[in-house]
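# Residue-level structural notes
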Amino acid sequence: MSPTPVLLDCDPGIDDALAIAYLVAEHLAGRIELTAVVCTAGNVGLEDTVANACAWLDLAGAPELPVAAGASGPIAVPHVLTPETHGPRGAGHAQLPTTTRSTDPRDGARLWVDAARSHPGELVGIVTGPSSTLAHALALDPALPRLLGGLVMMGGTFHGHPGNTTPVSEWNVDVDPEAADAVCLAWETAQADDPAVPAPLWCGLNLTERAVWTPERSERLLEASDSPVARRLTEALRFYFEFHDSVGEGYLAQVHDPFVAWLALHPEAVVAGPANVRVECAGEHTRGMTVADVRGHRGRVDNARIATDVLVPGGPDAVLDEICAAIVSLAGRPD
Ligand code: RIB
Ligand code: CA
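In what follows, the accompanying structure is described. (Residues numbered from 1 in each chain as written. Chains lettered and ligands numbered in written order. Predicted model: local features only at pLDDT ≥ 70, side-chain atom pairs only at ≥ 80, totals over all residues. Heavy atoms only, no water.)

This next bit is on the overall build of the protein chain. Along its length, the protein chain carries 13 helices and eleven strands. Its C-alpha atoms give the protein chain a radius of gyration of 18 Å, within 12% of the compact-globule value 20 Å for 335 residues. With respect to the three principal axes, the spread of C-alpha positions in the protein chain is 55 × 45 × 40 Å. Each of the 335 residues in the protein chain was classed as buried or not, and the buried ones make up 59%. Within the protein chain, contacts between residues separated by at least 24 positions form 81% of all contacts whose residues are at least 6 apart in sequence. Split by element, the accessible area of the protein chain, about 12,700 Å² in all, is 53% carbon and sulfur. (Helix = DSSP H or I, 4+ residues; strand = E, 2+ residues; numbered from the N terminus. Rg over C-alpha atoms; globule rule 2.2 N^0.38 Å. Buried < 20%, exposed > 50% of the residue type's maximum accessible area, 1.4 Å probe, protein only. Contact = heavy atoms within 4.5 Å. Areas by Shrake-Rupley, 256 points an atom, 1.4 Å probe, with all protein chains shown as cover.)

What follows is the structure in structure tokens.
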């Protein structure tokens, strides 16, 4: 079987960096084909997400591959930056090398569509930032839901689990609720027309907050590898520990994005249930809420699968072990 083609749409971002390193390792091992990386403004501005993605790809030793700049902000509202979360440039305490990698002349939306059309029915899209670029791609080619082999979103929070940005919203969705709802609506329309269209897998905080990276895990990583990519990642994570500690989570890091990237590559290990999901965009108290209709109250098609657990002995910690092993496998390039 040829390796699954994968497109990552990210906003690096500290945990996005771990996702990049993991996916590069899987690409170099021949288990996937990392077909494209799209950068979206999110944790930091677009210029920084592009520069960070290229630098992390360089450090991980990735081959040349298309990296495109996507949306420079949300599709309908101003971009709200949160430098206290990932650092002023999005790499925490890590000083990243200046990249030698050139970005693709296409914008991110165009790269989404071209990558999907190059691998009809096969490309797995993984979104670990706001949905802004994906929303533009859906406007560019409404057939995208039928062209993709799968879509995995790090976003939202479900089954009563509290938000990390407002009481009911998760950050990627909260930054650009209109874009996230456009994704939901596009798949609702596509699946109403063709039930064979695969529903996106939404991986919300209800599951991803269980992916906890500790300082001890960083120490173990550095014992196993002194590669530049391992060292820079642990420096970036130190900032994330400080942020999580500052918001009462403890000196640790919830690493949503690499965990979701692993789930995307291991669908057989994911416990998920069907729902119709739409995103609240108007509510004074609920804007950014992912509203999951699991009982069919609205009589609309199930346009989502909501991830609730991972079927791996040892749970999310065991998944992080695999991600660490992948990072250790990266010799990477000198920084
Ligand atoms: O809410 C967590 C998400 O927001 C992660 O993707 C993190 O990188 C930030 O973008
Ligand atoms: Ca992210």
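All right, on to the sheet that holds strand 4 (residues 124-127) then. Within the open sheet, the nine strands sit side by side as 3-2-1-4-5-6-11-9-10. Their pairing is mixed. On the outer flanks of this sheet lie strand 3 (67-69) and strand 10 (290-293), each paired with one strand and no other. Adjacent strand axes in the sheet meet at a mean angle of 30 degrees when their direction is disregarded. Where strand 1 (residues 4-10) lies against strand 2 (residues 32-39), seven bridges are found, and the strand directions are parallel. Across the sheet, Leu8 pairs through a bridge with Val37, a residue of strand 2. Along the sheet face, helix 1 (residues 14-28) touches strand 1, strand 2 and strand 4 and points at about 150 degrees away from the line of strand 2. Against the sheet, helix 4 (residues 108-118) makes contact with strand 1, strand 2, strand 3, strand 4 and strand 5 (150-154), and its axis sits at roughly 155 degrees relative to strand 2, the strand it touches most. (Pairing = 2+ DSSP bridges. Axes fitted to C-alpha atoms, helices over the stretch in contact; angles between N-to-C directions.)

As a further point, take the coordination of the calcium ion (ligand 2). Around the calcium ion (ligand 2), the protein contributes the donor atoms Asp11 (OD), Asp16 (OD), Asp16 (OD), Thr128 (O) and Asp257 (OD), which lie 2.2 to 2.6 Å from the metal centre. Here the donor residues of the calcium ion (ligand 2) are spaced in sequence according to D-x4-D-x111-T-x128-D. Here Asp257 lies in helix 12 (residues 256-265) and Thr128 lies in the loop between strand 4 and helix 5 (132-140), a separation of 129 residues in the sequence. (Donors = N, O, S within 2.8 Å, 3.2 Å for Na, K, Ca; no water.)

For the rest of this paragraph, the subject is the side chain of Asp16. Position of Asp16 relative to the elements: it lies in helix 1. For the buried Asp16, no salt bridge is present, and the opposite-charge side chain at shortest range is Arg89, 15 Å distant. Those residues in contact with Asp16, other than ones at most four positions away along the chain, are Cys10, Asp11, Asn43, Thr128 and Asp257. (Lys, Arg positive; Asp, Glu negative; His and termini not counted. Salt bridge = Lys/Arg side-chain N within 4 Å of Asp/Glu carboxyl O.)

One can describe the packing of helix 1 onto helix 11 (residues 228-246) by two numbers: an axis separation of 9 Å at closest approach and a directional angle of 150 degrees. Considering their axes alone, helix 1 and helix 11 lie roughly antiparallel with respect to each other. For the pair helix 1 and helix 11, the crossing hand works out as left-handed. Contacts between helix 1 and helix 11 involve Ile14, Asp15, Ala17, Leu18 and Ala21 from the former and Leu233, Ala236, Leu237, Phe239 and Tyr240 from the latter. For the contact of helix 1 with helix 11, a count of residues per class yields nine nonpolar, no polar and one charged. (Parallel < 35°, antiparallel > 145°, perpendicular 65-115°, else oblique. Left-handed = near helix turned anticlockwise from the far one by under 90°. Nonpolar A, V, L, I, M, F, W, Y, C, P; charged D, E, K, R; others polar.)

Residue Pro12 is joined to Gly13 through a cis peptide bond whose omega torsion reads -25 degrees. Secondary-structure assignment places Gly13 in the loop between strand 1 and helix 1. The backbone of His159 sits at a positive phi, close to 55 degrees, despite the residue not being glycine. Within the secondary structure, His159 is located in the loop between strand 5 and helix 7 (171-175).

Leu23, Val37, Leu57, Trp213, Leu237 and Trp262 are the most contacted members of the largest nonpolar core, which totals 73 residues. In terms of residues, this core owes the most to one element, helix 1, which gives ten residues. Leu7, Ala137, Leu138 and Leu148 belong to the second-largest nonpolar core, a separate cluster that totals 36 residues. (Core = buried A, V, L, I, M, F, W, Y, C linked by side-chain atoms within 4.5 Å.)

Another aspect to go through is helix 11. Taking 1.5 Å of rise per residue, the 19 residues of helix 11 would be expected to cover 27 Å, and the 28 Å separating its terminal C-alpha atoms lies within 8% of that figure. Downstream of helix 11 by a residue or two, Gly248 has a phi angle that is positive, lying close to 85 degrees. (Expected span 1.5 Å × (residues − 1).)

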